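Each chain, letter by letter, is given below.
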Amino acid sequence: MILRWREIVSNCLWLHFLTVFPPLPASIVDWSSGSNTGRFNAQQLLNARRFLTVSLLSMIMAKEGDNVLDLCCGSGDLAFLLSEKVGPNGQVTALDFSKEQLQIAASRQRMRFKPCYKNIKWVEGNAVDLPFSDSYFDGITIGYGLRNVVDRPKAIEEMCRVLKKGSKVSVLDFNKSTHPIAISFQDWVIDNVIVPVASGYGLGSEYEYLKNSIKKYLTGDELEKIALEAGFSTAKHYEFSGGLMGNLVASR
């Protein structure tokens, strides 16, 4: 199973930093103790899931029966949370460019039995050329995906186009801070938490690019400006976790 950083940055709240892990096998997760022997207990996983739910889902105000989109969905963590939010009468469309990740997501869906999980549709596609009509969705989330899109302004334009008037998009990612202390803190977390833990799974080399990719990303002010230029009526970027993470919330 190929693990990518956005699966690693979505399931585990560790040392009070939001650091991502994919669904972990039973041999790694310690469901009975809080020991720090290299295993992660159930409460940490639940805390991380709750944190992501609050950060993204509440921002777009998704409700029962809504039609929502999860962009750059990877193996489906956020899509499953969205399906619980909109319920069996809602619809979740989860889009990713990776056919392999979508196959993993679909296999996970087949192993889940809540009625709401049947409302997820997996779509292979491009974030800068969305295969949906105008004003189609009641809300959009994208978790740790926009930073890896080459043409970010175009992706934000596309989100605005397919979103219904009055609805919201929530974009969660690592924050590109302009404050030296926050930058130093973020670098320390990446070097001393994220990369070492990823290395424990043999994935260290895949995460060493993280600092450079953040430096090439957009600041909160830049994200707000691009969202307004794309046609959103309001745009606000929030920093949290000591400036480690950022969440852009824009209203159509």
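Going by the structure above, here's the rest.
Reading the values: rules and limits
Residues numbered from 1 in each chain as written. Predicted model: local features only at pLDDT ≥ 70, side-chain atom pairs only at ≥ 80, totals over all residues. Heavy atoms only, no water. Helix = DSSP H or I, 4+ residues; strand = E, 2+ residues; numbered from the N terminus. Buried < 20%, exposed > 50% of the residue type's maximum accessible area, 1.4 Å probe, protein only. Contact = heavy atoms within 4.5 Å. Areas by Shrake-Rupley, 256 points an atom, 1.4 Å probe, with all protein chains shown as cover. Phe/Tyr/Trp six-rings, centres within 6.5 Å; stacked < 30°, edge-to-face > 60°. Lys NZ or Arg CZ within 6 Å of the ring centre and 35° of its normal. Pairing = 2+ DSSP bridges. Axes fitted to C-alpha atoms, helices over the stretch in contact; angles between N-to-C directions. Salt bridge = Lys/Arg side-chain N within 4 Å of Asp/Glu carboxyl O. Polar contact = N/O pair within 3.5 Å; in protein donor to acceptor, adjacent residues only side chain to side chain. Core = buried A, V, L, I, M, F, W, Y, C linked by side-chain atoms within 4.5 Å.

A. Here's a closer look at the overall build of the protein. When helices and strands are tallied, the protein shows nine helices and 11 strands. When each of the 252 residues of the protein is scored for burial, the buried share is 56%. In the protein, once contacts between residues fewer than 6 apart in sequence are set aside, the share between residues at least 24 apart is 70%. Carbon and sulfur atoms form 55% of the exposed surface of the protein, whose accessible area is close to 11,500 Å².

B. Representation of the packing of aromatic side chains in the model. If you walk through the whole model with that rule in mind, you get six aromatic pairs. With a centroid separation of 4.8 Å and an interplanar angle of 90 degrees, the aromatic rings of Tyr136 and Phe137 are classed as edge-to-face. The exposure class of Phe137 is buried, given its relative accessible area of 0%. An angle of 65 degrees between the planes, with centres 5.8 Å apart, marks the rings of Tyr144 and Phe174 as edge-to-face. Note that Tyr144 is positioned in the loop between β8 (137–143) and α5 (152–162) and Phe174 in strand β9 (residues 163–174), a separation of 30 residues in sequence. Taking the relative accessible area as the measure of exposure, Tyr144 reaches 2% and is therefore buried. Among the residues examined, Phe174 registers a relative accessible area of 1% and is labelled buried. These aromatic residues form a ring-pair network of at least three members: Phe80, Tyr117 and Trp122. Cation over ring: Arg112 sits above Phe80, and NZ or CZ is 4.0 Å from the ring centre.

C. The sheet that holds strand β5 (residues 67–71), seen in detail. If you walk across this open sheet you meet the seven strands as β7-β6-β5-β8-β9-β11-β10, and the pairing is mixed. The sheet is open, and its two edges are formed by β7 (120–124) and β10 (234–240), each paired on a single side. Ignoring which end each strand starts from, the neighbouring axes of this sheet average 15 degrees apart. Where β5 and strand β6 (residues 91–96) come together, five bridges link them in parallel fashion.

D. View of the pattern of salt bridges. Counted under the stated rule, the structure contains nine salt bridges. Two residues, Asp66 and Lys63, come together in a salt bridge whose shortest N-O distance is 3.3 Å. In this structure, Asp134 and Arg161 form a salt bridge, with 2.8 Å as the shortest nitrogen-oxygen distance. Linking Asp134 in the loop between β7 and β8 with Arg161 in helix α5, this pair joins segments that are 27 residues apart in sequence. A network of salt bridges, in which partner residues are shared, links Asp134, Glu158 and Arg161.

E. Seen up close, the side chain of Asp66. Looking at the secondary structure, you find Asp66 in the loop between α2 (42–60) and β5. Among the polar contacts listed, one links the side chain of Asp66 to the backbone nitrogen of Lys63, at a separation of 3.0 Å. With near-sequence residues (within four places) excluded, Asp66 lies in contact with Met61, Val86, Gly90, Gln91 and Asp138.

F. Structural context of the environment of Gly65. As for its placement among the helices and strands, Gly65 is situated in the loop between α2 and β5. Separated by 26 residues in sequence, Gly65 and Gln91 have C-alpha atoms that sit 7.1 Å apart. Other than its neighbours up to four places away in sequence, Gly65 contacts Val86, Asn89 and Gly90.

G. Expanded view of the nonpolar core. Formed by 31 residues in total, the largest nonpolar core has its most connected members in Leu69, Ile140, Leu146, Ile156, Met159 and Phe232. Here this core takes five residues from α5, the largest share from any one element. In this structure, Leu82, Val92, Ala106 and Cys116 belong to the second largest nonpolar core, which totals 17 residues.

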